[in-house]
Structure formats: C-alpha cells, structure tokens
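Report on the structure
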There are 2 protein chains.
Amino acid sequence: MSTLLNETHHPALRSWLASAQTPGGDFPIQNLPFAVFRRQGSDEAFRGGVALGDQIVDLAALARTGLVTGEAAAALQAGAQDRLNALMALGPTAWSALRLALSRLLREGAAGADTVATCLVPQAQAEFTVPARIGDYTDFYTSVHHATNIGKQFRPDNPLLPNYKWVPIGYHGRASSIGVSGQRFHRPVGQTLPPGATEPVFGPCRRLDIELELGVFLGQGNELGEPIAMDDAEQHVFGLCLLNDWSARDIQAWEYQPLGPFLSKNFATTISPWIVTLDALAPYRTGFERPAGDPQPLAYLDSAANRQEGAFDIQLDVGLQTPAMRSAGLAPASICRTSYRHAYWTLAQMVTHHTVNGCNLQPGDLLGSGTLSGPTLDQAGALIELTQGGKQPVTLPQGEQRVYLEDGDSVVLRGWCEKAGAARIGFGACEGSILPARTL
Amino acid sequence: MSTLLNETHHPALRSWLASAQTPGGDFPIQNLPFAVFRRQGSDEAFRGGVALGDQIVDLAALARTGLVTGEAAAALQAGAQDRLNALMALGPTAWSALRLALSRLLREGAAGADTVATCLVPQAQAEFTVPARIGDYTDFYTSVHHATNIGKQFRPDNPLLPNYKWVPIGYHGRASSIGVSGQRFHRPVGQTLPPGATEPVFGPCRRLDIELELGVFLGQGNELGEPIAMDDAEQHVFGLCLLNDWSARDIQAWEYQPLGPFLSKNFATTISPWIVTLDALAPYRTGFERPAGDPQPLAYLDSAANRQEGAFDIQLDVGLQTPAMRSAGLAPASICRTSYRHAYWTLAQMVTHHTVNGCNLQPGDLLGSGTLSGPTLDQAGALIELTQGGKQPVTLPQGEQRVYLEDGDSVVLRGWCEKAGAARIGFGACEGSILPARTL
C-alpha cells in the first residue's frame, strides 16, 4: 500500500507558472489534481484538466502537442476524454507515469514550457462537471464521533450501536443527483412527523443540514466474486475530493427505519471538481491506532501498512455564508474545522469491506467517507451536531444565527494538507446553495 | 394514467408463428416484451429483441428491412441498440407505436411476414444481458405482509414500524452486481454475530435467502428538482421484469443498523431478460383499497386512477431446485405462489414518492418492488418468512428440506397474467444459482 515519496513531492520544486508558487495556494506543482472542464458558456467538449496555480492544464490540448510519450501518453489520452473513467481504469502505474511527466513539463526550466503554456486555461474562465460517470455511489460512516453525536439525536438511549467498532458501516446512495461545486437545488419537500404527532405532515424540510465528507473516486474495479484484499485496496483508489452530503434531518428521522436514509439524502450531493490523487497525498499519510479498550479490526480489515500509514491528515473546513453576509461582502464564516485523520476506518478498509462479499466496484464509482466529525464539538461536520440537535444555534458575523440552513444560504467546504518539510496542497472549494422549496 | 385496451390486446389475435399460440405460453402476440440478446457463444453485438412464441424478433434485423415506418421506425432504431436506454427515453407514445407496428407485422395474414420471418432468432440459441445501463437501482418495500413478517424476525416487539402505512419505504441498491437470468454467484462471506455472542465472526453466510420481487424499468426521466405527479407517474414506466433480491440474512441482521442493508444484498441481484410493457399489462390492471382502519395516502400519493386501476394482478411463483433434484431430473418445486395485487404501494406511488423531494430519475433506472409476500404464509416471497425464521423447514420432493439456500441450489422466479377474456401473458424465467463460498 505504501506510496514512496519521489521527485514529484519535493517541497523545493517550482513551476515556470508564477501562480503555482502563490503562498497558501491549493495548486502548487506538487499537487496536480484532476478535473473535467470546458470554457464557461462555450459549446466546447468537456475534457480532463490538471490544476496548476490559477490555471488548468488542458489535457486534450497537451495530448495534441505530442510532448508526452510512453506510458504517460496513454494515460494522457485517457485523461483527455469527457469523463475520467478511462484514466481511472488504467491503474496506479499509469497515473504515476502521467504525474511524473506533468511534473517535469511544468517545472522551472522545463523544455517545451512555451508549448505547454499554450495549453493553459484560466480557472476563472472554466466551468466544471462531475469528473466521472459514477456507476454506483456508496456512502460510509467512518467517523465514530459523528456516529456517536448523531446517534444521540436519533437514539438517545443507544447512540453508538454494537456493530460500529466492527463493521465499516456503509449504504448505497444516489448517483444521479451528484453535482459539482456550484450546485443549486431547491429545498426538498416530503413527509415529516412533527414532535408529539402521530400522523405525518407534508411540506418543505425544516431541518436542512450539511455533512462534511471526503469523496473517494475508484480506479480499477474488481470482478464480481473477487474481493480486494487490504494490501491491494489502495491500488484501486484514484483520488479524493470534497463531498457535501446534504441531509434533510426531519425527513430522515421519519423515513430511515428500517432500510436507511433515502429521500432525506438523494435530492442533491455536491462534490468538488478537483480530485487529489493518492500520489499527491503521500506526504500526509499517518497512522491510526484504535483507542484503548476498542477491539482490533478483524483480520480481513487489518494490515501493518494500514495501521502505520493508512490514514491521511487532511485539514477540513466548513464555511457558511448567508444572504445578508453576501450582501455585506462578508466571506463565508468557518463553522467547523477538523481533520480526516480522526476517521475510525481508512480508505483501504472501506474498499476491502465493500468487496469482501464479492461485490464488484467499477472505475469511476464514488465512495463517501461519511461525516468527518472530530472528537470535539467545534470539529463536528454537520449542523445537527454543531447545534446539539438545534438547541444551540451557531452565531455568525453580524449576529445572525443558524440552527439549520435557510433559503439562500451557501456552504463552502475546503480541504488542504500542510506540514513542515512538505508542500502545502489543497482541494479547492466545494460550494452549494439552497433555493426556496418549489411551490406545492 | 389509464392505458386503454386497443387492437394489440384482443384475445383472438393470432400470429403467423405457430409457437406464439402455444397453450400456456408466456409470449403470445399480445405480450411482445423486450430484451437485449445475441446468439450464444457468438461475438455478435448485443441488440434489442422482442419475444414471440419460442422465437425472438431481432430488432436490428427488422430495422434493416425497412418494413417499419413513421414514429415506430424511430423507436425500432432505438430498440436495435446494445441497451434499451434510448428506447426507454422516447416515452409511451413511441413505445405504443412500436408495439402496434410489431403487432400488425406479426399477426396472421400480415404483409411482409416472409421478410419478418428472416428476422427471427430461436430463444434456445440466444444469450441475454442486462437490458439497460442501470444508472441507479432503488429497492422498495411495498408488501405490508413482507414488512410485517420480516419485522417479526428482526424486531419481535415492533414488527411494523409507524411509518410503513404512510411512506413507500425504499432505499438505494447496487447497480453493478445486477445480472440477468442464469446468474451464478459465490455464497457471500462476511461478518455475522452468532446467537448469544458479543463479538462477530467472519465466514460464509449461513442464512442465504431469496426475495421474490418485480423490477420496474424507468422510461423518460425527470430533471433534478422537478417531481413527477401521480397522474404522470406511469408515463415514466417502461415495463416490468422479475427480480430476485438475494439476501444474506445473518450478514443483514448484524450490519443493517442504522443505515440499512448493504453487503447483505449487493453481492448479486438477478433479473429476467424480458421486460413486459405496461401496454401489455393493461388488461390486468386492478384497484387497491386500503384495509379498513388504515390511513388513506397523503394527497401527493393519491389519485382516483391509482385507486381504481393502479395495481396489477400478476401471478408469481418461486421454484427451488436442489442438486439432488437436478440429478433426478426433477423440475424446480414451487415453494411460493402469490400475486402482485397484494402490494400496499403501487408503481405510480413508487415513482411519485421517489421524486417528490426533487430526486431525478433517468431512463434505464431500475426500481425493485420489494419482496411481494401475500397475506398467507404460503404466499411469502422469502425463505425467512416461509420457514418462520428457520424454525419450519420447507419440504421438497424426495424428502429434502431447506431452511435457507445450500450450495448448488437453483431458484427460478416466474410471473404471468391470465383471466377470462384476455390473452395469457408471461415474464419467462428469472433463474440464479449458488456457487460455494470462495476459499478464505
């Protein structure tokens, strides 16, 4: 599972593109995340692109230059298509070859830099789309802190169920309603059971929430009946994005038994356009030890590499911007700050558990991490936790308060990695906002 | 919603193909269901076909004859592709036009019959595939008898949850592991909690079950944020197939809280190759009245047409064949006989509920009805019900018994409609069988 650091990670690497060196920027030459884009308002074909500074390297244009050869050229051709499934299907050797080729073309002093410069499109002029045809979307539940916090709301007497520390709990989600950052959707309507009532009412959701998650795009799949072992699991992961699993808590509370959330989740899910590869994240690997007294994972979910470096220290932030804040020119206010390192189950454990029964994964499938709440209250990745079930409003600039989302609110997820001795890399933004409920 | 009977339904219609008149046959000229097929063992392209007697009308070959013109020709071209999504997307006017054109070409005395006869492929020489690219698969829970029976196993003190009679409960399933009749899969392995234990064990499923369902292929989709009203819902349904939602009950019992079934279901789902259209099923519509004392559906789930003819009287049968029966030349033994008319929620209610929050459906999406158990024990569509949780084995010919499925067992679902004054039509078979668990 280990991904060795190589020349593409060196913190001293600089690009001939000045904006790649922007302090605190998400997209230095050490990152090189993938998206699918075209120029805004154009009828151009969507194609793959790689972020560098404030620009996008247009992979279709770069392929036409002939500057990339060998295994990287095949990966580049696959990445030039209108979705990244073909690139994802090629596997980690091809991904790494393309990363190395791009790194060498984009660094200071590179031969061909003038030609590559003609392949740049400003990010400010681009529109993005969901970067893969997502065959199936599965959402996990990997934060024990979230499971405990939300369990207290739904089952006060029984917050953390007995299976949690044994089973990487997951369930199937809806692929069709996944949209890319900038998604706007109507407040969902549906059935809810008012407090104390015995019959439901029908109307707009009144407890509209977020869930701060990471999305995991799968690379190579597996055949039906052929599980993926822990030591192979990360070879099937193309990369990570930000994911907001919008949730209608009142609809969820009424519908979720016995088969799980359905209409409370499938009206919209927003992901960031950029997929940060495991290669790029390699400097930010970390270990995860089970807390004292917790059971060790069953053998099929355990490996030495997973214990030592199966987790990732990815910083995460949730920003909330109300219409009043927007009018006043105020940036989104941070309501949560946490890290992916607190997750109870790793990427490899999600992949291996998902396939242990023979279930087949396919290139471009998406896994959600589940809400990534950390151990303290201000690290909670959902309003239902931050407000303790609506009892403690979040206070925003100008004195506004929120218990749940109101019409016109915008939520921005951000993620990044930084530490001494490594280049800071980031995920860009994952933004979505709420339109009023349709008229009934 | 009403589909008027027309000339294609007339029970006296006869085809120039003798086998279409086989007594008790599934595929008379009044049926005309769709599948995707090619000749067994060939490298031919898969393409759409329509069943007639023991033959398949090859839609790609028929399109080349030029015999079909007008709106039906566009539908025929769409149906000639390697999946039926394009045909499904055209909508009910196009589907009906194609049905009428086929009916007229295939009936006794039709001009062009000699040419159409060159487009036939024997079903016995065909292999089938999943007839659409299934973007999302949703499984419902529309039998109150199943919900009550299985609720007794999982929650003895609380079998039917308070939401059941208000909410058409559904959840997302796995599209990638859906296979067509003939599917063989390894017994799943996973975590289960032995009776009385506090820690799970890992190993092959010991409570492997079936679920007798109908599958619903969607036609035209809806845009995100635009719900489908009850009166429009059936216009979005292309047709129905048989569906076996194989279920690992011991894995399910341990994993399903709080987010629903996952690995207990997603290792395999088997559907019949043939999709019977709502046009073909029109003579078998029936009403559904809520039992005395039950709440009426909320307004968004109610319509006069739905009450009067929103249900379908489709006979269903589950056959089980053990390896010993197969060796002895014995046919599958019937272990369940029921009808879809007992379902508590209709097709239209499934579609409307699924979209009421704005969730978008797409052509080729698949809905499962949920296990279609009827009101009596011998009408139960799953072994967990038929055996009362494993306590009352099912007895088979030669004295064999089953509580759950054993390796080598084969299960065959069948469905058909018949009544006086209408032609009998059927769904063909939906067969699947169990391979031993892979070696751990």
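Residues numbered from 1 in each chain as written. Chains lettered and ligands numbered in written order. Predicted model: local features only at pLDDT ≥ 70, side-chain atom pairs only at ≥ 80, totals over all residues. Heavy atoms only, no water.

Going by what an unreviewed UniProt entry lists, chain A is known as fumarylacetoacetase and is assigned to Curvibacter microcysteis. Entered under Pathway (unreviewed entry) in the UniProt record, the comment concerning chain A runs "Amino-acid degradation; L-phenylalanine degradation; acetoacetate and fumarate from L-phenylalanine: step 6/6." (UniProt positions renumbered as here; feature names shortened; annotations may be inferred.)

Observations concerning the nonpolar core
Grouped together as the largest cluster of nonpolar side chains are 166 residues, with contacts concentrated most on A:L240, A:Y340, B:L240 and B:Y340. Of the residues forming this core, the biggest block, 5 residues, is contributed by strand 26 (residues 422-435) of chain A. Residues within four places of B:L240 in sequence aside, it is in contact with B:L214, B:G215, B:V216, B:W274, B:I275, B:V276, B:L278, B:L281, B:I314, B:Y340, B:L347 and B:F427. (Core = buried A, V, L, I, M, F, W, Y, C linked by side-chain atoms within 4.5 Å. Buried < 20%, exposed > 50% of the residue type's maximum accessible area, 1.4 Å probe, protein only. Helix = DSSP H or I, 4+ residues; strand = E, 2+ residues; numbered from the N terminus. Contact = heavy atoms within 4.5 Å.)

Observations concerning the domain arrangement of chain A
All names here are of chain A. Per the domain assignment, the segments of chain A are domain 1 (13-128) and domain 2 (137-435). Each of domain 1 and domain 2 has a C-alpha centre, and the two are 28 Å apart. Contacts between the two partners involve 27 residues from domain 1 and, on the opposite side, 25 residues from domain 2. Summing the contributions of domain 1 and of domain 2, the shared interface buries around 2000 Å²; its carbon and sulfur component is 65%. By the criterion of area lost to domain 2, the three top residues of domain 1 are D26, M88 and W95, representing 27% of everything that side buries. Seen at the junction of domain 1 and domain 2, the total is 1 salt bridge. Taking the shortest distance from any N to any O, the salt bridge between R424 and D26 comes out at 2.9 Å. Taken together, the connections running from domain 1 to domain 2 amount to 10 residue pairs in polar contact (both at pLDDT 80 or more). Among the elements of the structure, strand 1 (34-39), strand 2 (47-52), helix 3 (85-90) and helix 4 (92-106) are those that each provide at least two residues to the side of domain 1 that touches domain 2. For the side of domain 1 that touches domain 2, the element with the most residues is helix 3, which contributes 5 residues. Here the residues of the side of domain 1 that touches domain 2 sort into 16 nonpolar, 9 polar and 2 charged. (Domains from an automatic or database assignment. Buried area = accessible area lost by both parts, 1.4 Å probe. Salt bridge = Lys/Arg side-chain N within 4 Å of Asp/Glu carboxyl O. Polar contact = N/O pair within 3.5 Å; in protein donor to acceptor, adjacent residues only side chain to side chain. Nonpolar A, V, L, I, M, F, W, Y, C, P; charged D, E, K, R; others polar.)

What to know about the packing of aromatic side chains
Residue and element names in this part refer to chain A. The full count for this structure, using the stated rule, is 24 aromatic pairs over all chains. Between Y164 and Y344 the ring centres are 5.8 Å apart and the planes differ by 55°, which places this aromatic pair in the tilted class. Highlighted residues: Y164 in the loop between helix 6 (144-154) and strand 7 (170-173) and Y344 in the loop between strand 21 (333-339) and helix 12 (347-355), separated in sequence by 180 residues. Neither Y164 nor Y344 differs from the other in exposure class; each is buried. When the centroid spacing of 5.6 Å and the interplanar angle of 75° are considered together, the rings of Y344 and W345 count as edge-to-face. Each member of the pair Y344 and W345 is classed as buried. (Phe/Tyr/Trp six-rings, centres within 6.5 Å; stacked < 30°, edge-to-face > 60°.)

Some thoughts on the relation of the copies chain A and chain B
The operation relating the two chain copies consists of a rotation about an axis and a shift along that axis. Of the two same-sequence chains, chain A is brought onto chain B (RMSD 0.0 Å, axial shift 0.0 Å) by a rotation of 180°. Each copy turns onto its partner about a two-fold axis. For chain A, the minimum C-alpha distance to the rotation axis belongs to A:G260 and amounts to 2.2 Å. Here 100% of the contact residues of chain A are again contact residues in chain B; the copies associate through an equivalent surface. (Least-squares fit on C-alpha atoms with pLDDT ≥ 70 in both.)

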